Amino acid sequence: NAIDQVTGFGKGVLDQKQMFEMTKGENGNYFLFDGTRGDGIHTFHAQHINPLIFNLLSQLADYTGEELTSDHKYFSDPAAVSAQVNAADVYDYYKETFGRDSYDDQGAKLISSVHVGTNWNNAAWNGKQMMYGDGDGETFIPLSGAKDVIAHELTHAVTDTSSSLVYQDESGALNESISDIMGTMVDREDWKMGEDVYTPGIEGDALRTLKDPASYTNALTGPYPDHYSKRYTGEADNGGVHINSSINNKAAYLISEGGTHYGVTVEGIGREATEQIYYHANTQYLTSTSDFSMMRQAAIEAAAALYGESSAEVEAVKKGYDAVGVQ
Ligand SMILES: Cc1cccc(C(=O)O)c1OC(=O)C1CC1
Ligand SMILES: [Zn+2]
């Protein structure tokens, strides 16, 4: 309860000093439970269990890894410190920006497990909790170190408790895109995804970019698609959910920042209106099988409900989707 809440200290994955809420147990040990947000934020150590096994244990037995304790107020596990701090920041973003109390709007406990697998270059929301790999040190450093990654994973949980967009083909690409959009909204400084934990040896790159997706390439399609006519139609990656997400990502970027794309000029409406439109589209208009055309319609309806039928916001949404070839 509240009296056990104390301030913890530690360094994050990027070696930054962090302070965070944690709990003092009866035996005087401290552990990474923040009881001040919803039903709590709790970070555990997965002991490098194989990711598939960990995922199974998590689904079948609510297994969450081992408690991380410290006999004083300093925590020395950077991956765990970053997971706890970034989860709290993302909780605060959803509460302050949209009035949403955790991913289910019922205060659901935010559980993260770090050190999943060995040098695992992945992060995931597994339907019950977040799982973070340590990365292999070349492609990734511990993935809980990036706020946009945690916002991406937690937005998968928001999507699963709202539109439930099926993680396949066009609905799956929208599921992915909404996670990227919220990731870049929480980590407000840029339009890149994962830049803080991706390829420590290379400056300025990222896992994906929303600003100019075609400037990055991937193994499946080469340049990421920035127009519906360039979408990937193969089977890999659940029908290209991490590929075709770039088409909707580009639309969102244009709606927020404006620009001219394939001859279509969009007057940007800014991050604040854009995040509201996508949050309302995801929680009130989209359904589990929505495709790109329905995404356009849902964003128009959300903008009209929020700002008026003949608002600049509605106009920007229409032009943004015109620019990426989605009617
Ligand atoms: C690193 C990674 C691998 C596979 C799936 C995801 C996934 O969560 O879709 C993933 O995490 C991300 O994409 C976050 C945004 C950087
Ligand atoms: Zn994702």
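Residues numbered from 1 in each chain as written. Chains lettered and ligands numbered in written order. Predicted model: local features only at pLDDT ≥ 70, side-chain atom pairs only at ≥ 80, totals over all residues. Heavy atoms only, no water.

The protein is annotated in an unreviewed UniProt entry as Neutral metalloproteinase from Halobacillus naozhouensis. Check the Function (unreviewed entry) section of the UniProt entry for the protein; it says "Extracellular zinc metalloprotease." (UniProt positions renumbered as here; feature names shortened; annotations may be inferred.)

### Observations regarding the overall build of the protein
A tally of helices and strands in the protein yields nine helices and 17 strands. Here the C-alpha radius of gyration of the protein, 20 Å, is about what a compact globule of 327 residues would show, namely 20 Å. A principal-axis box enclosing the C-alpha atoms of the protein has dimensions of 65 × 40 × 35 Å. Looking at the 327 residues of the protein, the share that counts as buried comes to 56%. The contacts in the protein between residues at least 6 apart in sequence include a share of 58% that link residues at least 24 apart. Accessible surface for the protein amounts to roughly 13300 Å². Of this, 48% is attributable to carbon and sulfur atoms. Of note, the protein has its 21 positive side-chain charges centred 4 Å away from the centre of its 48 negative side-chain charges. (Helix = DSSP H or I, 4+ residues; strand = E, 2+ residues; numbered from the N terminus. Rg over C-alpha atoms; globule rule 2.2 N^0.38 Å. Buried < 20%, exposed > 50% of the residue type's maximum accessible area, 1.4 Å probe, protein only. Contact = heavy atoms within 4.5 Å. Areas by Shrake-Rupley, 256 points an atom, 1.4 Å probe, with all protein chains shown as cover. Lys, Arg positive; Asp, Glu negative; His and termini not counted. Charge placed at Lys NZ, Arg CZ, Asp CG, Glu CD.)

### As for the packing of helix α4 (residues 169-186) against helix α6 (residues 245-257)
Two numbers describe how α4 lies on α6: the axes approach to 8 Å, and their chain directions differ by 45°. Taken together, α4 and α6 sit at an angle that is classed as oblique. For the crossing formed where α4 meets α6, the hand is right-handed. In this structure, α4 uses Ala173, Leu174, Glu176, Ser177, Asp180 and Ile181 to contact α6, whose residues at the interface are Ser245, Asn248, Asn249 and Ala252. (Axes fitted to C-alpha atoms, helices over the stretch in contact; angles between N-to-C directions. Parallel < 35°, antiparallel > 145°, perpendicular 65-115°, else oblique. Left-handed = near helix turned anticlockwise from the far one by under 90°.)

### Observations concerning the coordination of the zinc ion (ligand 2)
Around the zinc ion (ligand 2), the protein contributes the donor atoms His152 (NE2), His156 (NE2) and Glu176 (OE), at 2.0 Å from the metal centre. All donors of the zinc ion (ligand 2) come from a single chain, and their spacing in sequence reads H-x3-H-x19-E. With His156 in helix α3 (residues 147-160) and Glu176 in helix α4, this pair connects stretches of sequence that are 20 residues apart. His156 gets classed as buried once you look at its relative accessible area, which sits at 9%. (Donors = N, O, S within 2.8 Å, 3.2 Å for Na, K, Ca; no water.)

### Side note on α6
With 13 residues, α6 extends 18 Å between its outermost C-alpha atoms, agreeing within 8% with the 18 Å of an ideal straight helix rising 1.5 Å per residue. Counting buried residues in α6 gives 12 out of 13 residues, a clear majority hidden from the surface. Restricting attention to buried positions, one finds in α6 the residues Ser245, Ser246, Ile247, Asn248, Asn249, Lys250, Ala251, Ala252, Tyr253, Leu254, Ile255 and Ser256. In the segment just after α6, Gly258 is the residue with positive phi, at about 75°. (Expected span 1.5 Å × (residues − 1).)

### Let's talk about the site of ligand 1
Around ligand 1 sit 13 residues, and of these Asn122, Glu153, Glu176, Arg208 and His242 come closest. Between ligand 1 and the protein, one listed contact pairs an oxygen atom with a side-chain N or O atom of Glu176 at 2.9 Å. Here an oxygen atom of ligand 1 and a side-chain polar atom of His242 are 2.7 Å apart. Here ligand 1 has 390 Å² of accessible area as a free molecule, and 86% of this is covered by the chains. It is α3 that provides the largest number of residues to the shell around ligand 1, a total of four residues. Taken together, the residues that form the shell around ligand 1 break down as six nonpolar, four polar and three charged. (Near = heavy atom within 4 Å. Polar contact = N/O pair within 3.5 Å; in protein donor to acceptor, adjacent residues only side chain to side chain. Nonpolar A, V, L, I, M, F, W, Y, C, P; charged D, E, K, R; others polar.)

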